[in-house]
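Summary of the model geometry
Below, each chain spelled out in residue letters.
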Amino acid sequence: MSKRLTDNVMSDYIRAANRMKSKKARRRIVAYVESYDDVYFWRMALSEFEDDTRYFEVMLPSKADLTKGKKKVLMNLLASHVGEDMIACVDADYDYLLQGVSVMSQRILENKYVFHTYAYAIENLQCYAPSLHDLCVMVTLNDHFIFDFEDWLTQYSIAIFPLFVWNIWFYRRNSYQDFSISDFNHVIETGKFHLQNPYQGITNVKNKVGRYIRHLHEKFPDNKEAYLALKNELKLLGVTPETTYLYIQGHHLFDSVVAPMVSRVCETLRRERELEINSKAKHGTQRQNELSCYSHSVNAVAPMLKKNTGYFRATPYLRLKEDIRRFLEGEEPAADGQT
């Protein structure tokens, strides 16, 4: 082995050893997350708080078995010696908006070592409206703006907000069997998305929401005052008519609303790019080569959406980051509705 190669190997070894030594010298904070899908999100959220004094290790809730989920994370945290070096990182679900009505909600709100998304789940943040055009560009390599995701999700949110307040009202009363999340999701289904008439689905949702609200008013005629009070409280907690989509069930938003919509837009952008290649190619060989190159460069929608990190400007994510900062700097958690 040449001296230069030996020196390079030794240099690499020393650098690796120094990194290991440095990491051991830093404070290690274990962050328990719910599932595999949560690891990347929380790694991104926590990594910017790492420095030469601390680092995070994102882990699933159990090394002994494959049990996962929010309950397992919180049970693991509570059963262990919780403290400055062990935190739980979970989806908020409805627990944040329940404001301590349930035991799970109490644990999330009252334990300063538990951090949550504020939005219902990480899927909601991955569907953050201002990021979806950029996502389409990543998928299709076509920057033609053909659809306004922000306006559509704003209008959709406004349409579902009145019924969303009702849904939270039932969960706060612990009578969700009268109007469950599944019931709510069924009402707010938009049906098949058509790019030629994209707002038809929202019109359908408005009509269904109106009918269901009339049904609830008839069934619970004395609820008006409590409903208005809850609506105002939810706004103080961050739920506005324009951003309700961030607080509905994440899987429903991702699978039934946003992913199909983004897929349809991306299909159109892909066809547009392929037509451009066909029209500009000078001969068949160039056309095939260019189409093949483009085909290998584009991506599938769902995996890219799951890795979307365009939510860094979303209010719930900024609140989460502020909670982490306060924890690391020894400050008291912010009061609800504050940053």
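The shown structure was predicted, so the numbers you read here are calculated from the model rather than taken from an experiment. (Residues numbered from 1 in each chain as written. Predicted model: local features only at pLDDT ≥ 70, side-chain atom pairs only at ≥ 80, totals over all residues. Heavy atoms only, no water.)

Of the volumes computed, that of the largest pocket is approximately 400 Å³. Considering every element that reaches the lining of the largest pocket, the biggest residue donor is helix H15 (residues 315-328), with 4 residues. In terms of residue class, the lining of the largest pocket is made up of 10 nonpolar, 3 polar and 9 charged. (1 Å grid on protein atoms, 1.4 Å probe; cavity = no way out; pocket = protein on both sides within 12 Å on 5 of 7 lines; lining within 4 Å. Points joined across faces, edges and corners; volume = space filled by probe spheres on them. Helix = DSSP H or I, 4+ residues; strand = E, 2+ residues; numbered from the N terminus. Nonpolar A, V, L, I, M, F, W, Y, C, P; charged D, E, K, R; others polar.)

Another point: the nonpolar core. Residues Tyr156 and Trp166 are the most contacted members of the largest nonpolar core, which totals 90 residues. Here this core gets 15 residues from one element, more than from any other, and that element is helix H8 (residues 149-172). With near-sequence residues (within four places) excluded, tyrosine 156 lies in contact with Ile188, Thr190, Ile202, Val205, Ile248, His252 and Val257. Ranked by size, the runner-up nonpolar core spans 5 residues in total, among them Ala88, Met104, Ile108 and Val114. (Core = buried A, V, L, I, M, F, W, Y, C linked by side-chain atoms within 4.5 Å. Buried < 20%, exposed > 50% of the residue type's maximum accessible area, 1.4 Å probe, protein only. Contact = heavy atoms within 4.5 Å.)

At glutamine 99, a position not held by glycine, the phi torsion is positive, near 55°. Tracing the backbone shows glutamine 99 in the loop between helix H4 (95-98) and helix H5 (103-110). A relative accessible area of 25% places glutamine 99 in the partly exposed class. Even without glycine at this site, asparagine 174 takes up a positive phi of about 60°. Of note, asparagine 174 is situated in the loop between H8 and helix H9 (181-187).

Looking now at the packing of helix H7 (residues 132-140) against helix H12 (residues 250-280). Between H7 and H12, whose axes approach to 10 Å, the crossing angle comes to 50°. Comparing the axis directions of H7 and H12 gives the class oblique. Classified by chirality, the crossing of H12 by H7 is right-handed. Along its contact with H7, which presents Leu132, Leu135, Cys136, Val139 and Thr140, the element H12 presents Val258, Val262, Val265, Cys266, Leu269 and Arg270. Split into classes, the residues belonging to the contact of H7 with H12 amount to 9 nonpolar, 1 polar and 1 charged. (Axes fitted to C-alpha atoms, helices over the stretch in contact; angles between N-to-C directions. Parallel < 35°, antiparallel > 145°, perpendicular 65-115°, else oblique. Left-handed = near helix turned anticlockwise from the far one by under 90°.)

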